Amino acid sequence: DAGVIQSPRHEVTEMGQEVTLRCKPISGHDYLFWYRQTMMRGLELLIYFNNNVPIDDSGMPEDRFSAKMPNASFSTLKIQPSEPRDSAVYFCASGDRAKSGANVLTFGAGSRLTVL
Amino acid sequence: DQQVKQNSPSLSVQEGRISILNCDYTNSMFDYFLWYKKYPAEGPTFLISISSIKDKNEDGRFTVFLNKSAKHLSLHIVPSQPGDSAVYFCAASVPIGGGADGLTFGKGTHLIIQP
């Protein structure tokens, strides 16, 4: 397996533009998580899905953020409109909680977003 | 409030010596604790975990110790090697159905191994 695949790796955009981040989880994993990493707040959970269904989006900062998982092999995180304070590294992670009692998540390489 | 705390932002250790990274937590519902390692421009990678019913887990050069009464865990790396230089994250999870299926992370400790 190629692991969790995220795109784009880097995105530079201007304030007000729409940003779409993409994630392909590991095949067979039934959980998918979106995390955001900033210097101030560290790694914070934004939203997660179980079997493609959003379970908890309480970490999504505002209505400008939305996430979808139309099928087991693809998820998107969208920011519209983007603001400079959204600049961060966004990680996607997947896991198979039933098989992995320790709740081991596998992370993608991240998407570094810069909003000017 | 931070449920998982890593109070040392950075730690410098000489090659060959022991590295000890510390982590404190507040939620007594956590059932597993994990350590992740992160290199620049990469995602965190899983290193080692420990169940809340254990007090020690060892994997090669890496050992994690858990003190439930103190709500404290530590990661020991012996001997430390240059490739161990990275940011180490402590993370914890609650049991399935406990209301949150993700991992709660500390802010990380940047370990620097000096030659």
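Residues numbered from 1 in each chain as written. Chains lettered and ligands numbered in written order. Predicted model: local features only at pLDDT ≥ 70, side-chain atom pairs only at ≥ 80, totals over all residues. Heavy atoms only, no water.

Chemist: Lay out the overall build of chain A in plain terms, naming residues and giving numbers.
Modeler: Along the backbone of chain A there are zero helices and eleven strands. Starting at the N terminus and walking to the C terminus, you meet the elements of chain A as β-β-β-β-β-β-β-β-β-β-β. Against the globule reference of 13 Å for 116 residues, chain A gives a C-alpha radius of gyration of 14 Å, in line with a compact fold. The buried share of chain A, taken over its 116 residues, is 47%. For chain A, the proportion of contacts with a sequence separation of at least 24, taken over those separated by at least 6, is 54%. Of the accessible surface of chain A, which amounts to about 5,600 Å², a share of 51% is contributed by carbon and sulfur atoms. If you average the places of the 12 positive and of the 13 negative side-chain charges in chain A, the two averages end up 4 Å apart. (Helix = DSSP H or I, 4+ residues; strand = E, 2+ residues; numbered from the N terminus. Rg over C-alpha atoms; globule rule 2.2 N^0.38 Å. Buried < 20%, exposed > 50% of the residue type's maximum accessible area, 1.4 Å probe, protein only. Contact = heavy atoms within 4.5 Å. Areas by Shrake-Rupley, 256 points an atom, 1.4 Å probe, with all protein chains shown as cover. Lys, Arg positive; Asp, Glu negative; His and termini not counted. Charge placed at Lys NZ, Arg CZ, Asp CG, Glu CD.)

Chemist: Please set out the overall build of chain B residue by residue, giving values where relevant.
Modeler: Counting its secondary structure elements, chain B contains zero helices and eleven strands. Secondary structure elements of chain B, listed N to C terminal, follow the sequence β-β-β-β-β-β-β-β-β-β-β. Its C-alpha atoms give chain B a radius of gyration of 14 Å, within 12% of the compact-globule value 13 Å for 115 residues. For chain B, the spread of C-alpha atoms along the principal axes amounts to about 45 × 30 × 20 Å.

Chemist: Can you lay out the packing of aromatic side chains for me, pointing to particular residues and giving the numbers?
Modeler: All names here are of chain A. Scanning the entire structure with this criterion turns up 15 aromatic pairs over all chains. Residues Phe91 and Phe107 carry aromatic rings whose centres are separated by 6.2 Å and whose planes lie at 85° to one another, so their mutual orientation is edge-to-face. Of this pair, Phe91 sits in strand β9 (residues 88-95) while Phe107 sits in strand β10 (residues 106-107); the two residues are 16 residues apart in sequence, bridging distant segments of the chain. Under the relative-accessibility criterion, Phe91 is labelled buried at 1%. For Phe107, a relative accessible area of 8% gives the class buried. (Phe/Tyr/Trp six-rings, centres within 6.5 Å; stacked < 30°, edge-to-face > 60°.)

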